[in-house]
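Structural overview for review
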Amino acid sequence: MVGIVLVSHSGRLVDGLRDLLTELSKGVVPVETAGGTTDGGLGTSEELILGAIARADHGDGVLLLADIGSSVLTTLTVLEDLDRADLRLADAPLVEGGVAAVVTASTGAALSLVEAAAEDARTAHKLP
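In this text the structure is predicted, and so the values were computed from the model without any measurement.

1. Some thoughts on helix 3 (residues 70-82)
Because each turn of an α-helix spans 3.6 residues, side chains separated by three or four positions end up pointing in the same direction. Between its terminal C-alpha atoms helix 3 stretches 18 Å, which fits the 18 Å expected from 13 residues at 1.5 Å a residue. The complete set of buried residues in helix 3 reads S71, T74, T75, V78 and L79. The arc that holds the buried residues of helix 3, viewed along the axis, is 135°, so those residues lie on one side. Opposite its buried face, helix 3 presents the exposed residues L73, E80 and D81, each directed more than 90 degrees away.

And the structure:
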C-alpha cells in the first residue's frame, strides 16, 4: 500500500486533514503528518518529515503533499538527500490532492497512479 505524508507549517492543519483522509480510506492507507516544528511551533522540520516517511513507508512507496513555500523546499531537500525513487512530492493542492491520493491508494494503485490522481486534483472545479 502506498503511504501518504502531509507536510505543513501547521501541525493542527495536517492533523485535521489526516483525520479526514483516514476516514475516507477506512484506515487502510497509512497517512502520516509532518506539521510544524519539533517544539510545536509554526514552521517545517526535516526531522518530522523523515519520521513521517518512515512511518508511512509500507514498501510500496510514499507520496508527499506539502502546503506552501518552505514546506515544499524542505520536503524537496529531504527527498534529494534520501535519493529514493519510491518517494515523491506531488505538485498538487494539499487538501484536494490528499483526497484524490488516498482514494486512489486505497484501491491498491501503484505510486505513479496515486501521484497522478493527486496532481489531477489541481484542475478540479468546485463550482459548475
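2. What to know about the sheet that holds strand 1 (residues 3-8)
The parallel open sheet is built from four strands, whose spatial order is 2-1-3-4. Both outer strands of the open sheet, strand 2 (31-35) and strand 4 (87-89), are each paired with one neighbouring strand and no more. With strand direction ignored, the average angle separating the axes of adjacent strands in the sheet is 20°. Note that strand 1 and strand 2 share five bridges and pair parallel. When the sheet's bridge partners are listed, V5 is paired in strand 2 with E32. Sheet contacts for helix 2 (residues 46-56): strand 1, strand 2, strand 3 (62-66) and strand 4; angle to strand 2, the most-contacted strand, approximately 175°.

3. A look at the UniProt feature "domain: PTS EIIA type-4" (unreviewed entry) in the protein
When the UniProt feature table is mapped onto this chain numbering, "domain: PTS EIIA type-4" (unreviewed entry) sits at residues 1-125. Structurally, residues 1-125 comprises 48% helix and 15% strand, and the distance from its first C-alpha atom to its last is 28 Å.

4. Comments concerning the pairing of strand 1
Counting buried positions along strand 1 yields six of six residues, so the element is predominantly enclosed. Both faces of strand 1 are covered, namely the face carrying G3, V5 and V7 and the face carrying I4, L6 and S8. When strand 1 meets strand 3, the two strands line up parallel, connected through five bridges. Of the residues in strand 3, the one forming a bridge with V5 is L64. Note on the crossover from strand 1 through helix 1 (residues 11-24) to strand 2: the handedness is right-handed.

5. Notes on the packing of helix 1 against helix 4 (residues 94-105)
The interhelical angle for the contact between helix 1 and helix 4, taken along N-to-C directions, is 30°, at an axis separation of 10 Å. Classified by the interaxial angle, the pair formed by helix 1 and helix 4 is roughly parallel. You can see that helix 1 and helix 4 cross each other, and the crossing is right-handed. Along the contact surface, helix 1 presents L13, V14, L17, L20, L21 and L24, while helix 4 presents L94, V95, G98, V99 and V102. Considering only residue class, the contact of helix 1 with helix 4 consists of ten nonpolar, one polar and no charged.

6. Some words on the pairing of strand 3
Remark: a regular strand shows side chains that alternate across the two faces of the sheet. Most of strand 3 is tucked away: five of the five residues are buried. Burial along strand 3 is two-sided: the residues V62, L64 and A66 and L63 and L65 are all buried. Relative to strand 4, strand 3 runs parallel, the two being bridged by three bridges. Paired with L64 across the bridge in strand 4 is L89.

Each value, and the rule that gives it
Residues numbered from 1 in each chain as written. Predicted model: local features only at pLDDT ≥ 70, side-chain atom pairs only at ≥ 80, totals over all residues. Heavy atoms only, no water. Helix = DSSP H or I, 4+ residues; strand = E, 2+ residues; numbered from the N terminus. Expected span 1.5 Å × (residues − 1). Buried < 20%, exposed > 50% of the residue type's maximum accessible area, 1.4 Å probe, protein only. Arc of directions from axis to C-beta. Pairing = 2+ DSSP bridges. Axes fitted to C-alpha atoms, helices over the stretch in contact; angles between N-to-C directions. Contact = heavy atoms within 4.5 Å. UniProt positions renumbered as here; feature names shortened; annotations may be inferred. Right-handed = clockwise from strand over helix to strand, strands pointing away. Parallel < 35°, antiparallel > 145°, perpendicular 65-115°, else oblique. Left-handed = near helix turned anticlockwise from the far one by under 90°. Nonpolar A, V, L, I, M, F, W, Y, C, P; charged D, E, K, R; others polar.

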